[in-house]
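# Overview (structure and organization)
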Amino acid sequence: MAQANNPLVSMIVLCYNQARFVVETLESVKAQTYQPTQLIIYDDCSSDGSAAVIENWLQENKIDCTFIRHQENQGICKSLNEALSLATGKYISMVASDDLWLPDKTARQVEIMEAQPDDVGVLYSDAFQIDEHGNILPDMFIAAHRSLPVMPQGQILDILLEGNFIPGMTALIRRSCFDKVGLYDETLPFEDWDMWMRIAGRYSFIHSPAPSAKYRIHDQSYSRSNRKRMVRGTCRICLKQLRIGDLNADQKLRLTSFTLKLSEHLYNQQDAEVPEILLAVWRATGSKRARWMYRFARFGATFQDWQKARNSYMRLQHMLGLAKLGARGRRPASKPEVM
């Protein structure tokens, strides 16, 4: 692809309290072999000096860049929407300031996307996982998050409904996707899974077999330092999708099952918001299981109390079923309805 005819790629760097790693991230962005690019960096009111580190790097490297420096913390979704309002590229790539891009990420991905029809909205790949010192960890990103026999391509909404697996820092997104499905939902604590599902409802996805990034795992990683908040946010995303009403019966069943698993996790962790979440799940899905869990949680019963009651109920239902069928001289054909 001749450089003069290359489409513009807007590269967005997301920073919040990553002074230790942000220079390494910016160097990986600078090392991209592709041109032309538009660089947009925002610092969301870091308290560790990240903004000063970014400014020094920009001055030292004489990089043409739009640097957004927040005086108050806005959150990732609102910050990304601000960055997207300034992005003029045909394609968008985003990277958190503790992750890294491989040098040929943008060039390789643009070449693939330019050969695709317009209904292909997102290209993604796998990512290496590294520790805080940059050492490669055993598992790749996707394998660490989902067990998938093959990498999904095409219409992938059904697979996304069972949980996110796409490494956001590897994605190349067609800018027109945001024009079609809207910007990030600023009521949510994190951005990617909700957006992937919204895009997947309108566009196809394509997988590139070449890993294109390194995902850093450390003590301050959002997924580690805010585990309960992340699970609560995931529940809210599930509920949002269920309330929209665009899912078919099978898709709703998949998402309901996943939402119940998350709710049980929070209940087991004695999360204070569990009654409210379970009530919302019950109302959105009509699930009897959610209804009973809500009632137990509302009156202060522990998750262990709920499990004991549910197991006792299942045993009783099974015994009653055996008695009825035994009287008729038949064996039970199926399990009783789940409480």
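For the structure given in this document, a descriptive report is provided here. This is a predicted model, so every value here is computed, not measured. Along each chain, residue indices are assigned from 1 in the same order as the chain's sequence is written. The model is predicted, so local features are restricted to residues of pLDDT at least 70 and side-chain atom pairs to those at 80 or more, both for listing and for counting; the totals for chains, interfaces and linings are taken over all residues. Note that water and hydrogens are dropped before the side-chain values are worked out from all heavy atoms of the structure.

## Side note on unusual backbone geometry
At the junction of Gln35 and Pro36, the peptide bond is cis and its omega measures out at 5 degrees in the coordinates. Here Pro36 shows up in the loop between α1 (22-30) and β2 (37-43). Backbone geometry places Cys45, a non-glycine residue, at a positive phi of 60 degrees. By the secondary structure assignment, Cys45 is in the loop between β2 and α2 (50-61). Exposure classes here rest on a 1.4 Å probe applied to the protein chains alone. A residue is buried below 20% of its type maximum, exposed above 50%, and partly exposed in between. Here Cys45 falls in the partly exposed class, since its relative accessible area comes to 27%. Phi is positive for Gln270, close to 60 degrees, though the residue is something other than glycine. In DSSP terms, a helix is any run of H or I states spanning at least four residues, a strand is any run of E spanning at least two, and both are numbered starting from the N terminus. Among the secondary structure elements, Gln270 is positioned in the loop between α11 (249-268) and α12 (274-285).

## Section: the environment of Gln32
Here Gln32 is to be found in the loop between α1 and β2. Using a relative accessible area of 7% as the deciding quantity, one classes Gln32 as buried. Distance in space between the C-alpha atoms of Gln32 and Ser125 is 16 Å, their sequence separation being 93 residues. The residues touching Gln32, leaving out its near neighbours within four places in the chain, are Met11, Trp101, Leu102, Pro103, Asp104, Lys105 and Thr106. Polar contacts, as used here, are pairs of N or O atoms within 3.5 Å; protein pairs need one atom able to donate a hydrogen and one able to accept it. Residues neighboring in sequence count only if both atoms are side-chain atoms. Engagement of the side chain of Gln32 in a polar contact is seen with the backbone oxygen of Ser28, the distance being 3.1 Å. Here a residue-residue contact requires only that any non-hydrogen atoms of the pair lie within 4.5 Å.

## Points about helix α3 (residues 76-86)
Here α3 has its buried residues at Cys77, Ser79, Leu80, Asn81, Ala83 and Leu84. Where the residues of α3 are buried, they touch β1 (9-15), β2, β3 (66-69), β4 (91-96) and α7 (176-181).

## Let's talk about the nonpolar core
Buried Ala, Val, Leu, Ile, Met, Phe, Trp, Tyr and Cys residues form a nonpolar core when they are joined through side-chain atoms within 4.5 Å. Core analysis: the biggest nonpolar cluster contains 93 residues, and Met94, Ile173 and Ile199 have the highest contact counts within it. Top element by residues in this core is α12. It accounts for 7 residues. Residues in contact with Ile173, not counting those within four places in the same chain, are Lys90, Tyr91, Ile92, Met94, Gly121, Val122, Phe178, Trp196 and Ile199.

## Here's the deal with the packing of α1 against α2
For helices, the fitted line uses only the C-alpha atoms of the stretch in contact; every axis is such a line through C-alpha atoms, and the angle between N-to-C directions lies from 0 to 180 degrees. It is at 10 Å that the axes of α1 and α2 come closest, and there the two elements cross at 35 degrees. Note that α1 runs across α2; the crossing there is right-handed. For the pair α1 and α2, contact is made by Val22, Val23, Leu26, Glu27 and Lys30 and by Val53, Ile54, Trp57 and Asn61, respectively. Among the residues forming the contact of α1 with α2, the class breakdown is 6 nonpolar, 1 polar and 2 charged. Here is the rule for handedness: rotate from the far helix to the near one, and if that takes an anticlockwise turn smaller than a right angle the crossing is left-handed, while a clockwise turn gives right-handed. The residue classification treats Ala, Val, Leu, Ile, Met, Phe, Trp, Tyr, Cys and Pro as nonpolar and Asp, Glu, Lys and Arg as charged. All others, Gly included, are polar.

## A few points about the packing of aromatic side chains
A pair of aromatic rings is counted whenever rings of Phe, Tyr or Trp (Trp by its six-membered ring) have centres within 6.5 Å, and the orientation is called stacked for planes under 30 degrees apart, edge-to-face for over 60 and tilted otherwise. Applying the stated criterion across every chain yields a total of 8 aromatic pairs. Taken together, a centroid distance of 5.0 Å and an interplanar angle of 90 degrees make the contact between Phe141 and Tyr215 edge-to-face. In this pair, Phe141 sits in helix α5 (residues 141-145) while Tyr215 sits in strand β10 (residues 213-216), placing the two residues 74 residues apart along the sequence. Residue classification places Tyr215 among the buried residues on the basis of a relative accessible area of 15%. Ring centres 5.8 Å apart and planes at 50 degrees place the aromatic pair Phe178 and Tyr184 in the tilted group. Across the pair, exposure class does not vary: Phe178 and Tyr184 are buried alike. Here, over-ring charges are defined by two tests on the NZ atom of lysine or the CZ atom of arginine: distance to the ring centre within 6 Å, and angle to the ring normal within 35 degrees. Between the NZ or CZ atom of Arg295 and the centre of the ring of Trp292, over which it lies, the distance is 5.4 Å.

## Overview of the sheet that holds strand β7 (residues 127-130)
Pairing between two strands requires that DSSP report at least two bridges joining them. With respect to topology, 3 strands assemble into an open sheet ordered β5-β10-β7, the strand pairing being mixed. What marks the edges here is a single partner per strand, and that holds for β5 (100-101) and β7.

## Examining helix α4 (residues 105-114)
Owing to its 3.6 residues per turn, the α-helix aligns residues three or four sequence positions apart on the same side. If you check which residues of α4 are buried, you get Lys105, Thr106, Gln109, Val110 and Met113. Seen along its axis, α4 keeps its buried residues to an arc of 105 degrees; they face one direction. Here the buried face of α4 lies against β1, β4, β5, β6 (120-124), β8 (172-174) and β9 (204-207). Here the arc refers to the set of directions running from the helix axis out to each C-beta atom.

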